[in-house]
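# Residue-level structural notes
Below, each chain spelled out in residue letters.
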Amino acid sequence: PTKIIHAFNKNTTKHSSAKMKLVAPLGLWPFIACRLVVISWSAKLSDKDHSATWPVPAASLSLSMHELFANQSDSPNIMDVLARLPTGQVAMSMSESKRARKVAVCVSGHLRTFILPGVHSALAKHAVQVDGVSVDTYIVGHLGKYANTVSAFTGMGFQESHASALGNAQSPEVQSAIHYAGLNTKDTYISMGDCPALEAAWQADGIKGRGCKEFGSFLQIMWLDQCVRMVRTSGVAYDLIVRTRPDMGVFQPIDYNSLPLNQVSFMPKDDGRADYFFAIPMSLVTAWWDGIAEMYAGGEKQFPDFKIVGDGAGMYQTQLPAAIVRDPYKVECFRLMDYTLRSAC
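No experiment lies behind these values; they were computed from the predicted model shown.

### Digging into helix α11 (residues 285–297)
Here α11 has its buried residues at V285, W288, W289, I292, A293, Y296 and A297. The buried residues of α11 all sit within an arc of 160° when viewed along its axis, so they share a single face. Those residues of α11 that are exposed and aimed more than 90 degrees away from the buried face are T286 and A287.

See the structure below:
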């Protein structure tokens, strides 16, 4: 047998003098060593800052691994690491490996650049047709104040056909986008996005006791709630609901398996926290999302990006490869806080 000694990280635990010897057959050590390094590195992140991002860029991971190997005396003792890991997460990881996750992507908001081929096709490629998961798309799109503004959109670089299509839910451009084969679209609700349309949706779903307000933040949350309700009543048992806007450009595959199923995953942005792309575990839809919907239904007016994504154990900050596509020539890559992703964007 071979013996490997891992010492405590003196800055990580009070019991810095303790050491542990692990004994195993020689053939098992490559596997065990890899697992120990990953667990030790993850625990370091967890101890230092619960907002540490994951997944991290490859360059950052390589640096951390190099530093970890450079001084093995700084590696946490494996028993200390396991003691600090949440038991729910350990059990969840074991059960998750038995089946592929099921994800519902909720596309909610003004259609705008969604009808451009490169936007909805990129969503299909990088957020729906990804390995190791099963993904469906639900679309609650609206035209609203963008209807009948052909001159404004042609001035922004849209082709006239696309600009005209934004005023007609039945236009070939809108229909081909929302039913693009790679999106696996399960349900859609296309409207003008105003109070009459929202009240009609409420009536159809039996929602009572709410009054509509022609206010941006209110309409944003209520239409997203409409999409969440479509997912909940679909009859499909999803693990995650991913919220995105129609005008989001997803430029790299999303690793859904890296997102926790006991926390809401969100991404930071240049002026706070993004309300336009986040993931809600189904186990938290009632506990977290329903409270937000009721808060805005009750009169909350603050912009959602400064209100709905807070601090606490239920929130998980990460980096996601998505940016707003304002028009055919403008993508807001500058809002990405991860410089590797910003460069890729």
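### Here we look at the state of the cysteines
Scanning all chains against the criterion turns up three disulfides. In this model, C106 is linked to C227 through a disulfide, with the two sulfur atoms separated by 2.4 Å. Disulfide C106 to C227: torsion about the S-S bond roughly -110°, handedness left-handed. Pair noted here: C106 is in strand β3 (residues 101–110) and C227 is in helix α10 (residues 216–232), with a separation of 121 residues, a long-range link.

### Remarks on the sheet that holds strand β11 (residues 322–327)
With respect to topology, three strands assemble into an open sheet ordered β7-β11-β12, the strand pairing being antiparallel. The open sheet has two free edges, formed respectively by β7 (248–250) and β12 (330–331), since each of these has just one partner strand. The pairing of β11 with β12 spans two bridges and is classified as antiparallel. Within the sheet, the bridge partner assigned to D327 lies in β12 and is K330.

Calculation rules
- Per chain, residue numbering runs from 1 following the sequence as it is written.
- Per-residue local features of the predicted model are confined to residues with pLDDT of at least 70, and side-chain atom pairs are confined, for both listing and counting, to 80 or more; whole-chain, interface and lining totals are unaffected and use all residues.
- Where side-chain values are given, they derive from all heavy atoms of the structure, hydrogens and water being excluded.
- Throughout this description, buried means an accessible area under 20% of the type-specific maximum (1.4 Å probe, protein chains only), exposed means over 50%, and partly exposed covers the range between.
- Helix and strand definitions follow DSSP, with helices as H or I runs of at least four residues and strands as E runs of at least two, each counted in order from the N terminus.
- Taken from the helix axis, the directions to the C-beta atoms give the arc we talk about.
- Disulfides are defined as cysteine sulfur pairs within 2.5 Å.
- At least two bridges found by DSSP between two strands are what make those strands a pair.

None of the figures reported here should be taken as evidence of function without further support.
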